[in-house]
Amino acid sequence: MKRVELLQKIEQSGVIAVVRGKDKAEAIKAVDAIIAGGMKGIELTFTVPNADQAIAELVEKYADDAEVVVGAGTVLDAITARLAIMAGAKFIVSPTFDQETAEICNLYQIPYLPGCMTITEMKNALKAGADIIKLFPGSAYGPSIIKAFTAPLPYLSIMPTGGVSLDNMAEWFKAGVVTVGVGGNLLAPVETGDFDQVTEVAKQYVAKFKEIKGIK
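A. Examining the overall build of the protein more closely. Across its full length, the protein carries 10 helices and 8 strands. Scaling as 2.2 N^0.38, a compact globule of 216 residues should have a C-alpha radius of gyration of about 17 Å, and the protein matches this with 16 Å. In terms of overall dimensions, the protein has a C-alpha envelope of 45 × 35 × 30 Å along the principal axes. Long-range contacts, defined here as pairs at least 24 residues apart, represent 57% of the contacts in the protein between residues at least 6 apart. For the protein, the accessible surface area stands at approximately 9800 Å², while carbon and sulfur atoms represent 53% of it. Charge-centre separation for the protein: the mean point of 21 positive side chains lies 5 Å from the mean point of 25 negative side chains.

B. Looking closely at the packing of aromatic side chains. What the rule picks out here adds up to 3 aromatic pairs. An angle of 40 degrees between the planes, with centres 6.4 Å apart, marks the rings of Phe97 and Tyr112 as tilted. Note that Phe97 is positioned in the loop between strand 4 (92-94) and helix 5 (99-108) and Tyr112 in strand 5 (residues 112-116), a separation of 15 residues in sequence. Here the aromatic rings of Tyr141 and Phe149 are separated by 5.8 Å at their centres, their planes lie at 80 degrees, and the arrangement is edge-to-face. Taking relative accessible area as the criterion, Tyr141 reaches 33% and is therefore assigned partly exposed. Between the NZ or CZ atom of Lys134 and the centre of the ring of Phe136, over which it lies, the distance is 4.4 Å.

C. Up close: the side chain of Thr74. Position of Thr74 relative to the elements: it lies in the loop between strand 3 (69-73) and helix 4 (78-86). Polar side-chain contacts of Thr74 include one of 3.3 Å to the side chain of Arg20. Contact partners of Thr74, with chain neighbours within four places excluded, come to Arg20, Glu43, Thr45, Phe46, Thr47, Val93 and Pro95.

D. Representation of unusual backbone geometry in the model. With an omega of -10 degrees, the peptide bond running from Phe136 to Pro137 counts as cis. In this structure, Pro137 sits in the loop between strand 6 (133-135) and helix 7 (145-150). Even without a glycine there, the phi angle at Thr74 is positive, about 50 degrees.

E. Up close: the packing of helix 4 against helix 5. With their axes 8 Å apart at the nearest point, helix 4 and helix 5 run at an angle of 25 degrees to one another. Considering the angle they form, helix 4 stands roughly parallel to helix 5. Between helix 4 and helix 5 lies a crossing of right-handed hand. Along its contact with helix 4, which presents Ala78, Ala81, Arg82, Ile85 and Met86, the element helix 5 presents Glu100, Thr101, Ile104, Cys105 and Tyr108. Of the residues contributing to the contact of helix 4 with helix 5, the split by class is 7 nonpolar, 1 polar and 2 charged.

F. Quick peek at the pairing of strand 2 (residues 41-45). Of all 5 residues in strand 2, 5 are buried; the element is thus mostly enclosed. What you see with strand 2 is no split at all: Gly41, Glu43 and Thr45 on one side and Ile42 and Leu44 on the other are buried throughout. Strand direction decides the pairing type here: strand 1 (residues 15-19) and strand 2, joined by 4 bridges, are parallel. Bridging across to strand 2, Val18 finds its partner in Glu43. Following the chain from strand 1 across helix 2 (residues 24-36) to the adjacent parallel strand 2, one finds a crossover that is right-handed. With 5 bridges joining them, strand 2 and strand 3 adopt parallel strand pairing.

Basis of the calculations
- Residues numbered from 1 in each chain as written.
- Predicted model: local features only at pLDDT ≥ 70, side-chain atom pairs only at ≥ 80, totals over all residues.
- Heavy atoms only, no water.
- Helix = DSSP H or I, 4+ residues; strand = E, 2+ residues; numbered from the N terminus.
- Rg over C-alpha atoms; globule rule 2.2 N^0.38 Å.
- Contact = heavy atoms within 4.5 Å.
- Areas by Shrake-Rupley, 256 points an atom, 1.4 Å probe, with all protein chains shown as cover.
- Lys, Arg positive; Asp, Glu negative; His and termini not counted.
- Charge placed at Lys NZ, Arg CZ, Asp CG, Glu CD.
- Phe/Tyr/Trp six-rings, centres within 6.5 Å; stacked < 30°, edge-to-face > 60°.
- Buried < 20%, exposed > 50% of the residue type's maximum accessible area, 1.4 Å probe, protein only.
- Lys NZ or Arg CZ within 6 Å of the ring centre and 35° of its normal.
- Polar contact = N/O pair within 3.5 Å; in protein donor to acceptor, adjacent residues only side chain to side chain.
- Axes fitted to C-alpha atoms, helices over the stretch in contact; angles between N-to-C directions.
- Parallel < 35°, antiparallel > 145°, perpendicular 65-115°, else oblique.
- Left-handed = near helix turned anticlockwise from the far one by under 90°.
- Nonpolar A, V, L, I, M, F, W, Y, C, P; charged D, E, K, R; others polar.
- Pairing = 2+ DSSP bridges.
- Right-handed = clockwise from strand over helix to strand, strands pointing away.

The values are spatial; any link to function lies outside them.
Here it is as structure tokens:
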């Protein structure tokens with residue numbers, strides 16, 4: 001699948017679920033619950049033990065669902081990025097910008113979403129070919145910061161992660177972000193093993209996104 005198509009999938013999904021877990025089995029169960037709720041963008045983080053195996057299993061499991069896009073998160077270096085790409089990850093997300101990771105993603109034509117907080121970091125990431133900038137942590141700023149970044153860089157595509165909730169999601173999109181990353185409040189029920197509740201919260205995010213975008 002071409003990079004442009006992958007970027008379209010990421011944007012169409014609207015809400016990317018940032019999935020952590022104490023082990024591979026828990027992470028996969030959480031992803032199943034999220035997808036059951038209609039969320040199609042999955043960022044499985046490398047804080048999950050054997051994350052590459054989990055990604056490979058999920059990519060195979062949802063191969064027939066054209067809307068599901070599974071990527072890797074918390075990718076700190078190029079070696080981890082390549083491991084994720086070989087496992088089938090369709091996009092790479094980092095908490096910081098890393099030049100070598102950008103280069104490996106470019107080589108394999110996989111979208112790279114590095115975490116940036118300053119206009120300098122964003123400019124450097126764009127120069128290295130980053131497709132979408134992950135504003136991280138979004139909670140440090142809030143939606144009003146988006147215009148400050150897009151004034152000098154109007155072609156900037158931003159995905160805030162951290163601090164995005166059902167309550168403020170509309171504000172983020174109104175400010176001009178292309179997609180949002182959601183983790184904590186979506187996955188909170190996992191701690192008590194309530195995966196049905198994860199599905200319910202995922203449904204709420206999907207409904208909210210459709211309402212914001214006017215999708216029937």
